[in-house]
Amino acid sequence: MSWMTRRDFGKVATAAATATVLKAGMGKSAWAADHDAVRIFPKGFVWGCATASYQVEGAVNEDGRGATIWDNFAHTPGKIHNNDTGDVADDSYHRYKEDIQLLKNLGVGGHRFSIAWSRIFPSGTGAVNQKGVDFYDRVIDELLKNGIEPYVTLFHWDLPAALPGGWQSRDTAKAFAEYAAFAAKHYSDRVKHFMTTNEFVCITDIGHVEGRFAPGLRLPPAEANQVRHHAILAHGLGVQAIRANAKAGTKVGLAENANVFVPVIETDEHIAAAKRATRLGNAPFLTALMEGRYIDEYLEMAGAAAPKVEAGDFKAIGSKLDFVGLNVYTPIYVRAENSARGFAIEQQQANYPNMDSPWLKVGPEVAYWSVRNVCENWKMPDLLITENGCSAEDVVTPAGRIEDTERVMYLRNHLAQFHRAISEGYPLRGYFLWSLLDNFEWADGYSKRFGLHYVDYATQKRIPKLSAEWYKQVIAHNEIV
Ligand code: PNW
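Note that the coordinates shown come from a computational prediction; the quantities given were computed from them, not determined experimentally.

Core analysis: the largest hydrophobic core is formed by 149 residues, its most contacted members being Trp70, Leu154, Tyr187, Tyr431 and Tyr471. Tallying contributions element by element places helix H8 (residues 170-187) first for this core, with 10 residues. What Tyr431 contacts, discounting residues up to four positions off in sequence, is Phe45, Val46, Trp47, Gly48, Ile385, Asn388, Leu411, Leu415, Phe418 and Tyr471.

Here you go:
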């Protein structure tokens, strides 16, 4: 479809706003018609939910699935809250039809989920496991049967454990490309959107520097930079492999949680600071993809620890993309500074509010700036929000309800800021809410709930929360409600 220009959208939006106001019986004045609080999204905007294989599937030993680094990490005592594992998770491997009915009931147009690499290639490379291939055929067919477009992530952290050296080995990037080629060839008759990787910083830094995620390493700088390079190389080789093997018209992108810098005050100097911070603050990842090289500032900072790059690497890494997916959660406030780099990060107040996860600081403007900052720096293709959502301390009331008003508050405010970006003309085409279901929240195990549906892990019963009712209305009206 063709997208409206900024001006066209403004006209339609203003007309729609007037209509809404009139409908509400309070329209009369220019006061209301001119006011900026239009909440209607463009026609064709894609609403969806997101999940990831290891977080929902369970069935880790079924139908030939190979072990992953997350199986091993979760089974290492002391690594995960309560020593929880993804062995059963939401049992979606068996309950996928039920879960797709939840999606259908919400009225989503798309669903973002990930394929477990080790269900297709149990050893990461080599022989294909047909039963794994068949499982995703069934999921894709069931989604399509229910009028829901599949958006497939190829790698959401569950690396096959059999790959020697994991992300420390360059060969893993090549193995990923083989897997991506197979997936593209097999599924692209029905899947029109593929994402290579999910969140470089979690794959690399949290797993290999902080050690909080699988494989739980704490590598020194040179080795850490090499891991980062292998991850973006996997993406690049993956893009090439998908393009070489997919049906014409298949769209390729990724899901990336770029650091989002929010100007402390929306004046030119601080906005410029946020732009500069975006480029430097994502240097090993999104910046490298968008510019097809490591920027000088990054190489200078890395010094002798800079990654080893081979000829051709950046041709792959800098591949033009059909879309970029942004996973948007938490803001980093930035201000202009009279220094060489031109910005400074604001210190966070000790009592700054967060959602149920301590890292999930609340700052809805993160949504607007996530879109604007990247568009200020680079010529961006279509953008999708591939994740946005929050944890909340959900409880079931005696009446059987989950009244997660704080999640609705969080989502409503973020949507308003995404809407602002759209109304200013930025090419944001869709939104995938994290997550459809409560699930295995990595190192936090089952202690943090991000779902629109509450999961009772003892019975696997799914209960829609207030936020599910709310999202259903948003989708039905194509408007923030
Ligand atoms: C993302 N942090 O992860 C992931 O893509 C999801 O799998 C995950 O469940 C979701 O966000 C909620 O956490 C993140 O510590 C995990 O800043 C941790 C962080 C950020 C993103």
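Okay, the domain arrangement of the protein next. Here the protein is partitioned into domain 1 (1-17 + 24-38) and domain 2 (45-477). The gap between the C-alpha centroids of domain 1 and domain 2 is 33 Å.

Quick look at the packing of aromatic side chains now. Across all of its chains, the model carries 39 aromatic pairs by this definition. Arranged with centres 6.5 Å apart and planes meeting at 85°, the rings of Tyr329 and Phe450 form a pair that is edge-to-face. Of the two residues, Tyr329 is situated in the loop between strand E7 (323-327) and strand E8 (331-336) and Phe450 in the loop between strand E11 (428-434) and strand E12 (453-456); the sequence distance between them amounts to 121 residues. For the pair Tyr329 and Phe450, a shared accessibility class is recorded, and that class is buried. Every member of this aromatic cluster is reached through a ring pair, and the members are Tyr54, Trp70, Phe73, Trp157, Phe213, Phe440, Trp442, Tyr446 and Tyr457. Positioned above the aromatic ring of Phe135 is the side chain of Arg119, whose terminal nitrogen or guanidinium carbon lies 5.9 Å from the ring centre. When the ring centre of Phe343 is taken as origin, the NZ or CZ atom of Arg341, which lies over that ring, is 4.4 Å away.

This part takes up the sheet that holds strand E10 (residues 382-387). Adjacent strands of a sheet form backbone hydrogen bonds with each other and so pair up, either parallel or antiparallel. Spatial strand order, E1-E2-E3-E4-E5-E7-E10-E11: 8 strands in a closed barrel with parallel pairing. Shown here is a sheet whose adjacent strand axes are inclined to one another by a mean of 25°, direction ignored. Where strand E4 (residues 193-198) meets strand E5 (residues 251-256), 4 bridges bridge the pair, whose relative direction is parallel. Bridging across to E5, His193 finds its partner in Lys251. Of the strands in this sheet, strand E3 (149-155), E4 and E5 touch helix H10 (residues 221-245), which is tilted by about 160° from E4. Along the sheet, helix H15 (residues 365-377) makes contact with E7, E10 and E11, crossing E10 at roughly 145°.

Basis of the calculations
- Residues numbered from 1 in each chain as written.
- Predicted model: local features only at pLDDT ≥ 70, side-chain atom pairs only at ≥ 80, totals over all residues.
- Heavy atoms only, no water.
- Core = buried A, V, L, I, M, F, W, Y, C linked by side-chain atoms within 4.5 Å.
- Buried < 20%, exposed > 50% of the residue type's maximum accessible area, 1.4 Å probe, protein only.
- Helix = DSSP H or I, 4+ residues; strand = E, 2+ residues; numbered from the N terminus.
- Contact = heavy atoms within 4.5 Å.
- Domains from an automatic or database assignment.
- Phe/Tyr/Trp six-rings, centres within 6.5 Å; stacked < 30°, edge-to-face > 60°.
- Lys NZ or Arg CZ within 6 Å of the ring centre and 35° of its normal.
- Pairing = 2+ DSSP bridges.
- Axes fitted to C-alpha atoms, helices over the stretch in contact; angles between N-to-C directions.

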